Amino acid sequence: MIFRTTTSRAGGPALPRVRTTAALRPLHHRLDPARVEEIPFRADDGVRLGLTRIHTGAADRPAVLLLHGHTASADMFLLPETRNLVDVLLDDGYEPWLLDWRGSCRLPYNETGQRYTYDDVALYDIPAAVKHVRERTGDRPLFVVAHCIGSLALSLSMAAGLVPGLAGVVSQGVFLTPKLAGRTSLRMSLAGELLKTRIDHIPVDFRKVGLWSKYTPLFALASRKASCPDPTCQILHNSAWGTGASLFMHENLSEATHDRLADLLGPAPLWILPHLRRIELARSVVRWHETDHRYRDLPPNALDAAGRIDTPVLLLAGSDNGLWLDSQRLCHDVLADRQPQLDVSYTEIPGYGHLDTFLGRGAALDVFGHILDFLGGRR
């Protein structure tokens, strides 16, 4: 689906015209195709998303909804080259559901579509997915495992009371208290101001843009002091789309996963930066739309409304998270002080960064056991 904007002849606001013929990019997996159900699905505001159910035919399995990070997709949970999170959940008796929310690189309008903020993800995408899964699974327990911005948006949904009664939530990387390094925050601000008139996205695949493109200086900057010769790895591992942060520990990725980075992560939109900057400066997940009545169900500040969270939460983070630093430890300490009645725990994974907690070749041994222990204690 591609969104195109036309100007109203009456001089009113432009309305989106939606083309719905394009399909989502196929998932890459090694599962039996009969077990993979692609569900036609739209958010509550009409935007087409992706929802996938991995099933075995058993009717008594607890459901687990998986939320990817921004520019990633459900593919991050299905790596065919390693033992992935979906494999582990299936073997332990769960029914995985995978949501490709509107920031997914599998969606055909990801780079050229209608702009949005994380308010839209929290208000429209996640509650609609939770509602659909519950309609299909009945009164079975429903868990959520969320990564990065998927987790950040989920925290806003939870603080708004839009997804009550979850059996448990695993939040990886960041939750209610985002914290970036000073240089990352500065570069993000500068990039937003200096590049916003020239480009909409920062790409990750140098092969698609070419040497003589306007993106070449960004790739050249990312390559400085890089130990890996691959341009995609440089702009992700060495620069995190130009912010100077790092998205993973290089040695934790298998060669096959490393070679697929350009498929696993898409271009980063610059137009989302104002909301992200406001969130980071507040050190809390704050609503972008202050006066638009459509977003009135979202709290102005999710941390201030955290008392509405009614589910156990496991805050998970790699010890060497080069993007969100110690945001999860900070979140645990803040909630322990401000909302001591909440069931919130924190686990740190030694030797891991950010993305490699799911993409790492040893994640099944080093990371997923913590997730299973948490889910198993509440199923």
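What you are looking at is a predicted structure, and each value in this text was computed from that prediction instead of being measured. (Residues numbered from 1 in each chain as written. Predicted model: local features only at pLDDT ≥ 70, side-chain atom pairs only at ≥ 80, totals over all residues. Heavy atoms only, no water.)

A. View of the pairing of strand β3 (residues 36-42). When β3 meets strand β4 (residues 48-54), the two strands line up antiparallel, connected through 7 bridges. For E38, the partnering residue across the bridge sits in β4 and is T52. The hairpin turn running from β3 into β4, its antiparallel successor, is 5 residues long, and G46 in that turn takes a positive phi close to 95 degrees. (Pairing = 2+ DSSP bridges. Helix = DSSP H or I, 4+ residues; strand = E, 2+ residues; numbered from the N terminus.)

B. Layout of the sheet that holds strand β11 (residues 313-318). Read from one edge of the open sheet, 8 strands run β3-β4-β6-β5-β7-β8-β11-β12, paired in mixed fashion. In the strand order of this sheet, the two ends are held by β3 and β12 (344-349), each with one partner. Sheet twist, expressed as the average angle between the axes of neighbouring strands with direction ignored, equals 20 degrees. Strand direction decides the pairing type here: strand β5 (residues 63-67) and strand β7 (residues 142-147), joined by 5 bridges, are parallel. Bridging from a neighbouring strand, A63 pairs with L142 of β7. Relative to the sheet, helix α2 (residues 118-137) contacts β3, β4, β5, β6 (95-100) and β7, its axis offset from that of β6 by approximately 150 degrees. Sheet strands touched by helix α11 (residues 327-338): β8 (168-172), β11 and β12. Its angle to β12, the strand with the most contacts, is close to 160 degrees. (Axes fitted to C-alpha atoms, helices over the stretch in contact; angles between N-to-C directions. Contact = heavy atoms within 4.5 Å.)

C. Region of the structure containing the side chain of R140. Its location among the elements puts R140 in the loop between α2 and β7. A residue is classified by how much of its surface remains accessible, and R140, at 15% relative accessible area, is buried. Here the side chain of R140 touches A59 through a polar contact of 3.3 Å, landing on its backbone oxygen. Within the structure, R140 has its side chain in polar contact with the backbone oxygen of T137 (distance 3.3 Å). Setting aside chain neighbours within four positions, we find R140 in contact with A58, A59, D60, R61 and E95. (Buried < 20%, exposed > 50% of the residue type's maximum accessible area, 1.4 Å probe, protein only. Polar contact = N/O pair within 3.5 Å; in protein donor to acceptor, adjacent residues only side chain to side chain.)

D. Layout of the pattern of salt bridges. Evaluated as defined, the whole model comprises 21 salt bridges. Here D304 and R338 are joined by a salt bridge, their closest N and O atoms 2.8 Å apart. Note that D304 is positioned in the loop between α10 (273-282) and β11 and R338 in helix α11, a separation of 34 residues in sequence. Judged by relative accessible area, R338 falls into the partly exposed class, the value being 42%. (Salt bridge = Lys/Arg side-chain N within 4 Å of Asp/Glu carboxyl O.)

E. Quick peek at the environment of S155. Note on placement: S155 falls in helix α3 (residues 149-159). Here the alpha-carbon distance between S155 and A336, two residues 181 residues apart in the chain, equals 16 Å. When neighbours within four sequence positions are excluded, S155 is seen to be in contact with F175, L176, V285 and A302. Within the local environment of S155, its side chain forms a polar contact with the backbone oxygen of F175, the two atoms lying 3.5 Å apart.

F. Local environment of the environment of E251. Within the secondary structure, E251 sits in the loop between α7 (231-237) and α8 (255-259). As a C-alpha pair, E251 and Y352 span 101 residues in sequence and 9.6 Å in three-dimensional space.

G. Just the side chain of N84, in detail. With respect to the secondary-structure elements, N84 resides in the loop between β5 and α1 (85-91). A distance of 2.9 Å separates the side chain of N84 from the backbone oxygen of L79, its partner in a polar contact.

H. Representation of the pairing of β6 in the model. The buried count for β6 comes to 6 of 6 residues, which makes it a mostly enclosed element. Along β6, one buried face is formed by E95, W97 and L99 and the opposite face, lined by P96, L98 and D100, is buried too. By the bridge criterion, 4 bridges tie β4 to β6 in an arrangement that is antiparallel. Opposite T52, over in β6, you have L98 as the bridge partner. Read from β5 through α1 to β6, the crossover connection turns out right-handed. (Right-handed = clockwise from strand over helix to strand, strands pointing away.)

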